[in-house]
Amino acid sequence: MEKPHILLINPWIYDFAAHDLWMKPLGLLYIASVLREEGYKISFIDCLDRYNTELLKLQNLERPKNKKYGSGHFLRTEVRKPDILKDIPRRYCRYGITEEIFIEELKKISHPDAILVTSMMTYWYPGVFRAIELLKDKFPNTPVILGGIYATLCHDHALNNSGADFVFNGNDINGTLALINKLTGIENQFRYSISELPSPAFDLYQNIDYACISTSFGCPYQCTYCASKLLYPDFIQRKPESVVSEIEYFYQKLGIKNFAFYDDALLVNSDKHIEIILDEVIKLNLYPYFHTPNGIHPRLITASLAQKLFLSGFKTLRLSLETTNKKLQIETGNKVTSEEFEEALKILKTAGFGKDGLGAYIFMGYPGKEKEEVNDSINYVTQKGIRPFLVEYSPIPGTFEWNRMIEKGIIEGNIDPLFHNNSVFLRKFLSWEESDLQKIKAMVRKGQHSA
Ligand code: SF4
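Nothing here was measured: the structure is a model prediction, and the numbers come from that model. (Residues numbered from 1 in each chain as written. Predicted model: local features only at pLDDT ≥ 70, side-chain atom pairs only at ≥ 80, totals over all residues. Heavy atoms only, no water.)

Structurally, the protein comprises domain 1 (5-184) and domain 2 (209-450). Of note, the centres of domain 1 and domain 2, computed from C-alpha atoms alone, are 25 Å apart. Each partner contributes residues to the interface: domain 1 has 31 residues there, and domain 2 has 34 residues. The three residues of domain 1 that bury the most area against domain 2 are Trp22, Tyr69 and Tyr123, which together make up 26% of that side's buried surface. If you look at where domain 1 meets domain 2, you find one salt bridge. The salt bridge partner of Asp209 is Arg63, with a shortest N-O separation of 3.5 Å. Our enumeration of links across domain 1 and domain 2 arrives at 15 residue pairs in polar contact (both at pLDDT 80 or more). Within the residue set of the side of domain 1 that touches domain 2, elements represented by two or more residues are α1 (26-37), α4 (125-138) and α5 (149-153). With three residues, α5 is the largest single contributor of residues to the side of domain 1 that touches domain 2. A per-class count over the side of domain 1 that touches domain 2 returns 20 nonpolar, six polar and five charged. (Domains from an automatic or database assignment. Contact = heavy atoms within 4.5 Å. Buried area = accessible area lost by both parts, 1.4 Å probe. Salt bridge = Lys/Arg side-chain N within 4 Å of Asp/Glu carboxyl O. Polar contact = N/O pair within 3.5 Å; in protein donor to acceptor, adjacent residues only side chain to side chain. Helix = DSSP H or I, 4+ residues; strand = E, 2+ residues; numbered from the N terminus. Nonpolar A, V, L, I, M, F, W, Y, C, P; charged D, E, K, R; others polar.)

Here it is, written out as structure tokens:
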């Protein structure tokens, strides 16, 4: 009997700004891979695929305009700004393929038995809703299952508003698969463990310039502003050999050179984990370019690790500093001190890293972190000879900081997820002036230039 046909969708981003900084729907690609292994027929539309043939034709391009390591700009189409964001003086856009291309892609697909839609940032939900609306127009009787970060962190909002028939909470891959089975009349029990899944199905892309890898899920730390524990209650590291064969497969068979690590805690237990992985990559004579768009922990960088990071091909290393304010460092989770940050920089520079690859994340708009402190942190990082990168803070539902802000009366617990947007939070809830923001951003640009 022919196995059911499942359509997987990665929706658009709706935001004031978005950039393809190695952004792929890793969870959805894992599910695709498991379903395929179980014999299901898979179709896949990624609204953010910059290699979509029709999108390239529309832009008169043969291939996307990429930056050095495969990142680049999405096509941007201005859309009507939601009324509650009308005070934000920026253009609101949809990023990715056009709606017309999406509808044409749907026409090419035979009738699916179930549709899986993923979601990322909570405040990108308008793209999810629009995708579900168009899917329901085309396949009105096919059940739509929504999962991913927005569906987990804003579960009730998604249940009440998304139009999906089922909304999944968390990362229970066996539960998702059991639901698909139930909906499609298949009797089968899945017993996959998150650390032993088949490699994510990057081969579903006709062309691809980078792959994303998670060598672990979750984080053993518990910073007050972070949602890692809500998404992955346990910290789980994959077997190093399975990560190495994944890298080798993507590199040799799919020709992928750039790899972005999605780990929240890549360097934890490094001698038993990442160092073993990197030793193997070096031994295999692979020459990948590795990137850490999620910051890494400066405290965990040793001389031996730094050398392996350098020799195995790390090109973009972002260090999580967030603030140089000692009190805030401790209050928010004590994951790093400025002394540890300086020591890590020294070690990395000795290992061979130059200013081009190194950067540090700095929070802007964190309640209690005044504008002057943001300036101090930027100056500090720039003086250390590396590039500052701003993270515009916004609270994430369910975190300690989220609850603290409700208690302090800064936000209400039921604010629309559009207000979680980092471009919105500090303007609307902390009353930052546009001129302050622009001054700080100019300082960062100067710091990035001069570092
Ligand atoms: S160390 Fe990073 S990932 Fe871990 S809890 Fe803190 S912010 Fe989150």
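Read on for the rest.
So, about the packing of aromatic side chains. Within this structure, the stated rule accounts for 26 aromatic pairs. Ring centres of Phe16 and Tyr92 lie 5.4 Å apart, and the angle between their planes is 65 degrees; this geometry places the pair in the edge-to-face category. Taken together, the residues Phe16 in the loop between β2 (13-15) and α1 and Tyr92 in the loop between β4 (76-78) and β5 (93-95) connect sequence positions 76 residues apart. Overall, the relative accessible area of 2% leaves Tyr92 in the buried class. Look at Tyr69 and Tyr289: their rings are 5.3 Å apart centre to centre, the planes differ by 70 degrees, and that puts the pair in the edge-to-face class. Taken as a pair, Tyr69 in the loop between α2 (53-58) and β4 and Tyr289 in strand β13 (residues 289-296) lie far apart in primary sequence, 220 residues in all. On the basis of relative accessibility, which here comes to 17%, the residue Tyr69 falls in the buried class. Exposure remark for Tyr289: the relative accessible area of 29% places this residue in the partly exposed category. Through a chain of ring-to-ring contacts, three or more aromatic side chains come together here, namely Tyr225, Phe363, Tyr393, Phe419, Phe425 and Phe429. One cation-aromatic arrangement involves Lys24 over Tyr205; the distance from NZ or CZ to the ring centre is 5.0 Å. (Phe/Tyr/Trp six-rings, centres within 6.5 Å; stacked < 30°, edge-to-face > 60°. Buried < 20%, exposed > 50% of the residue type's maximum accessible area, 1.4 Å probe, protein only. Lys NZ or Arg CZ within 6 Å of the ring centre and 35° of its normal.)

With seven of seven residues buried, strand β15 (residues 358-364) is to be regarded as a mostly interior element. Burial of β15 is two-sided: the residues Leu358, Ala360, Ile362 and Met364 facing one way and the residues Gly359, Tyr361 and Phe363 facing the other way are all buried. Sheet topology places strand β14 (residues 314-322) next to β15; five bridges connect them, and they run parallel. Among the inter-strand pairings, Leu317 is bridged to a residue of β15, identified as Leu358. With six bridges connecting them, β15 and strand β16 (residues 387-392) associate as parallel partners. Bridge pairing in β16 places Met364 opposite Glu392. (Pairing = 2+ DSSP bridges.)

A few words now on unusual backbone geometry. Here the phi dihedral of Trp22 falls at roughly 55 degrees; this positive angle occurs in a residue that is not glycine. Secondary-structure assignment places Trp22 in the loop between β2 and α1. Even without a glycine there, the phi angle at Asn269 is positive, about 50 degrees. Mapped onto the secondary structure, Asn269 falls in the loop between β12 (258-261) and α10 (274-283). Owing to a relative accessible area of 43%, Asn269 belongs among the partly exposed residues under this scheme.

Taken in spatial order, the three strands make up an open sheet running β2-β5-β4, and their pairing is antiparallel. A strand with exactly one partner marks an edge of an open sheet, and here the two such strands are β2 and β4. Put simply, the sheet's adjacent strands are angled 25 degrees from each other on average, direction ignored. Where β2 lies against β5, three bridges are found, and the strand directions are antiparallel. Bridge pairing in β5 links Tyr14 to Arg94. (Axes fitted to C-alpha atoms, helices over the stretch in contact; angles between N-to-C directions.)

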